[in-house]
Amino acid sequence: MAVTGAKVFSLLKTNYKPLTAATSRYASLWSNVEMGPPDAILGVTEAFKKDTNPNKINLGVGAYRDDNNKPFVLPSVRKAEAIMTSKALDKEYAPISGSAEFCHAAISLAFGEGSSVLQEGRNATVQGISGTGSLRIGSAFLAKFFPIKTVWFPSPTWGNHVPIFKHVGMEVKQYRYYDPKTCGFDFNGAMEDFKNMPDGSLVLLHACAHNPTGVDPNPEQWQAMSDLLKSKKALPFFDMAYQGFASGSVDKDAFAVRKFLDDGHNILLAQSFAKNMGLYGERAGAFTVVCSDKDGAARVMSQIKILIRPLYSNPPINGARIVSTILSDAALRSEWLTDVKGMADRIISMRTQLRANLEKEGSTRNWSHITDQIGMFCFTGMTPAQVEKLTKEFSVYLTKDGRISMAGITSANVAYLAKGMHAVTK
Amino acid sequence: MAGRFSEVSQAAAIEVFAVVKAFNDDAHEKKVNLSIGAYRTDDSKPWVLPVVRETETAMAADTSLNHEYLPILGLESFSTAATKMVLGENSAVLKEGRATGIQTLSGTGALRVAADTLKHVLKYNSFYFSNPTWGNHKMIFEHAGFTETHQYRYWDAANRGLDINGMLEDLNAASANSVIILHACAHNPTGVDPTQEQWKQIADVIEAKSLFPIFDTAYQGFASGDLDKDAWAVRYFADRGFELMVTQSFAKNFGLYNERVGNLAVVVKDASVIPALRSQVTLLVRGSYSNPPNHGARVVSTVLNNPKLFEEWRTCIRTMSSRIQEMRAGLRERLEKLGTPGLWDHITSQIGMFSYSGLSAGQVKFIAEKYHIYMLSSGRINICGLTTKNIDYVAEAINDAVLNGPK
């Protein structure tokens, strides 16, 4: 390991420390532990914080902000919390699989109330620690019970997908997804890669609002993908972190998931309520395996519990209670749908305004992908060099891959952002 | 059509949940649940601590609070307070900056992060747990990838106490860098803790053999009612210069079972290793659950960092621990009065929520069937399940089982 300034300093510190019983015998067991790689997104935020430019913009944040750039607690969430407080609920351990009420509400939201899978009791659904935790349970389950220890991700995918699956010893492969030439979906590339996959492969799909690109297949493309993956006997694992948050409609955003169910796929599903209910830190999520029958679902459920117990025994209840309070009360649910549409609409409006402002600046580039893409993130198509320039000269902070978080854009800063983006790309 | 997971077999039920289910399904009016590990009031009800309700009400009214992500390693004000609570505010370790705290998913989550870290960062592979121990210890470490699983002798059935010689012998035979899971206080399931003198002997062996101690601390304050007393062993080891880990649960002492509030405190010899250590734990946590839940940690942090609320909380833990001590005394008294064969002083010499009654699996079954009183087949009883209303009935059942039940 290279001897950096920091290391020399720490060695000096050690040498000058008076010998005590603690340091006299041997060096720390942890002395040879290397510093882990810095988190790219955290780095963006850290640099943003240090910048004194009053016009600075942080486009790295993966959490919704209102038009004043503030965190947003949904009104329906506040109402649900008031109801919960008045009920004076207990703090007893939840079952290993979490709150049954929450699990039912969550999977009904995803699959639709009338889903035959739910009526037949073919789903094994457990509460998970938000989306990450749900993926983690899923990957552990697959590592144990799925014959092929390989998972296929879209290229690119959410950065954390890789360590989650690698942690359980699975091999990670990628199928073509994002086309940098069009800033859109490489449908032909994806279909070809699906065709060439071994039969029975495990394929991870982003249900809506692909992270990080914002590029989603259209309904016809989803149908074609479903048909092809069915013929390949592939196992689809959907990651749905933005239901409702993407288009403003929970049903529209669940289109792909429900299509695959209708087409007879027995899917896996990870859900997160971090964004669509603004419950980020409460860690509300769910993991589901769709089985052939009720008996199979019961057996799978028993095995999933075996994986959860040595991870954290049983899940945190607060976020799950908020979710089920909202979803089980017609008025609150309706209010929530309005809240989530409000968030989606603001994002869509920022997309529209950013594109319009770029055109107003006189940019001759094709920026249609800004409004074609959907959800929290947008792959702008800017190069690392352009990104660096945008940061240095305009104090606009984003990741090197040109990804911007639409949540960081407000009506107050969108014109300035367009000015900067035009300046570095003309 | 057979599904791809049609070969998945039904997993064995975890005993404590199966027993609770049996209790819940039982309609008998005098049924008693002595199996699960949660506090109950004298009315057999769960108890949300008044100071917790008060704090939650204030939090709900505080519009400056939101639900944003916590840092990956958790709420710093919580971890700092939790680490200080177990090491003591006068700890030299704290003064020298040689401890770091990481918020986790209660005690289980802390143990899992600890196991993952010891396995993947330090490459340890051997671990020891007491015989008996909490059912989940073995699974946690094995799922984290440890392959050398060992037990050290602990429970002395004949004397219903600690088999200190067996324990020291087994630890003395351990290979260097073996991870030793110790219960800081209120051993689960036996309720038997080493004396201070015995802790010193244990420390001597652990030091001599270069073993790595990890203290499972699920009952600080809850055991004796005194936070400092219950942390004595941890502080002794820390002050003696050991590098160690402490896994803390706030499930019992704060009654926050389902909010999953825990802390992993790591004590090191050299403060400069802490940033690299934290960065590696960050990677493990990110790939597991990204960041911990906000609510429960915020409640605990608010209480621990506010002197008035902290005192209120100390009153709550004294309430819980003294009710338990009363029930222990009451059960022993009744068994001795009934003349139940055998020695029963272990019921009051043991500490914490649990007691290893000494009843056999057959006697446990006898009691469940005849009296509808539920305990684990190991004979473990949750003292919190006893109340002034059912204690006579339970004593009668135990007496009957010992006299007339199977051996």
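Residues numbered from 1 in each chain as written. Chains lettered and ligands numbered in written order. Predicted model: local features only at pLDDT ≥ 70, side-chain atom pairs only at ≥ 80, totals over all residues. Heavy atoms only, no water.

With that settled, consider the UniProt feature "domain: Aminotransferase class I/classII large" (unreviewed entry) in chain A. In this structure's numbering, the residues bearing the UniProt feature "domain: Aminotransferase class I/classII large" (unreviewed entry) are residues 55-419 of chain A. With 47% helix and 15% strand, the stretch residues 55-419 of chain A has end C-alpha atoms that lie 12 Å from each other. (UniProt positions renumbered as here; feature names shortened; annotations may be inferred. Helix = DSSP H or I, 4+ residues; strand = E, 2+ residues; numbered from the N terminus.)

Okay, the packing of aromatic side chains next. Scanning all chains against the criterion turns up 44 aromatic pairs over all chains. Seen in terms of ring centroids, Phe 141 of chain A and Phe 145 of chain A are 5.0 Å apart; in terms of plane orientation they differ by 40 degrees. Their pairing is tilted. Of this pair, Phe 141 of chain A and Phe 145 of chain A are both found in helix H7 (residues 130-145), four residues apart, which corresponds to roughly one turn of the helix. Looking at Phe 141 of chain A, the relative accessible area reads 0%, which means it is buried. On the basis of relative accessible area, Phe 145 of chain A is assigned to the partly exposed category, the value being 21%. With a centroid separation of 5.2 Å and an interplanar angle of 90 degrees, the aromatic rings of Trp 155 of chain B and Tyr 356 of chain B are classed as edge-to-face. Placement of Trp 155 of chain B in strand S5 (residues 155-156) and of Tyr 356 of chain B in strand S11 (residues 354-356) is noted, with a sequence separation of 201 residues between them. Comparing Trp 155 of chain B with Tyr 356 of chain B shows no difference in burial state: the two are buried. Members of the aromatic cluster, each reached through a chain of ring pairs, are Trp 199, Phe 215, Trp 232, Tyr 236, Phe 237 and Phe 242 of chain B. Lying over the aromatic face of Phe 48 of chain A, Lys 56 of chain A brings its terminal NZ or CZ to 4.4 Å of the ring centre. Geometry around Phe 23 of chain B places Lys 31 of chain B over its ring, the cationic atom sitting 4.3 Å from the centre. (Phe/Tyr/Trp six-rings, centres within 6.5 Å; stacked < 30°, edge-to-face > 60°. Buried < 20%, exposed > 50% of the residue type's maximum accessible area, 1.4 Å probe, protein only. Lys NZ or Arg CZ within 6 Å of the ring centre and 35° of its normal.)

All names here are of chain B. Counted by the stated rule, this structure contains 41 salt bridges over all chains. Here Arg 240 ties to Asp 204 by a salt bridge, and the two come within 2.8 Å at their closest N and O atoms. One end of the pair, Arg 240, is in the loop between helix H10 (232-239) and strand S9 (244-249); the other, Asp 204, is in helix H8 (residues 196-208), with 36 residues separating them in the sequence. Assessed through its relative accessible area of 24%, Arg 240 is described here as partly exposed. Ionic pairing is found between Arg 334 and Asp 392, a salt bridge with its closest N-O pair at 2.6 Å. With a gap of 58 residues between them, Arg 334 in helix H13 (residues 307-338) and Asp 392 in helix H16 (residues 391-404) connect regions that are remote in the sequence. Classification of Asp 392 as partly exposed rests on a relative accessible area of 45%. Salt bridges linked by common partners bring Asp 42, Asp 43, Arg 323 and Lys 389 together as one network. (Salt bridge = Lys/Arg side-chain N within 4 Å of Asp/Glu carboxyl O.)

Further remarks concern the confidence of the model for chain A. Per-chain confidence: chain A averages 93 in pLDDT, with 94% of residues scoring 70 or above. Note on residues 1-25 of chain A: pLDDT under 50 across the span, and 17 contacts to partners over four residues away in sequence or across chains. (pLDDT = per-residue confidence, 0-100. Contact = heavy atoms within 4.5 Å.)

Right, let's talk about the UniProt feature "domain: Aminotransferase class I/classII large" (unreviewed entry) in chain B for a bit. Annotation from UniProt places "domain: Aminotransferase class I/classII large" (unreviewed entry) at residues 30-398 of chain B. Between the end C-alpha atoms of residues 30-398 of chain B the distance is 15 Å, and the span holds 44% helix and 15% strand.

This brings us to unusual backbone geometry. With an omega of 0 degrees, the peptide bond running from Ser 155 of chain A to Pro 156 of chain A counts as cis. When you line up the elements, Pro 156 of chain A lands in the loop between strand S3 (150-155) and helix H8 (161-167). Between Asn 188 of chain B and the following residue, Pro 189 of chain B, the backbone shows a cis peptide bond with an omega angle of 20 degrees. Its location among the elements puts Pro 189 of chain B in the loop between strand S7 (179-183) and H8.

All names here are of chain A. Within the fold, Arg 351 resides in helix H15 (residues 330-360). Buried within the structure, Arg 351 lacks any salt-bridge partner; its nearest side chain of opposite charge belongs to Asp 216, at an N-O separation of 8.8 Å. Sequence-distant contacts of Arg 351, defined by excluding residues within four places in its chain, comprise Ile 370, Thr 371, Gln 373, Ile 374, Gly 375, Met 376, Phe 377, Cys 378 and Met 406. (Lys, Arg positive; Asp, Glu negative; His and termini not counted.)

As a further point, take the state of the cysteines. All names here are of chain A. Counting across every chain of the model gives zero disulfides over all chains. No disulfide involves Cys 103; its nearest neighbouring cysteine sulfur is the one of Cys 291, lying 14 Å away. On the basis of relative accessible area, Cys 103 is assigned to the buried category, the value being 7%. (Disulfide = S-S within 2.5 Å.)

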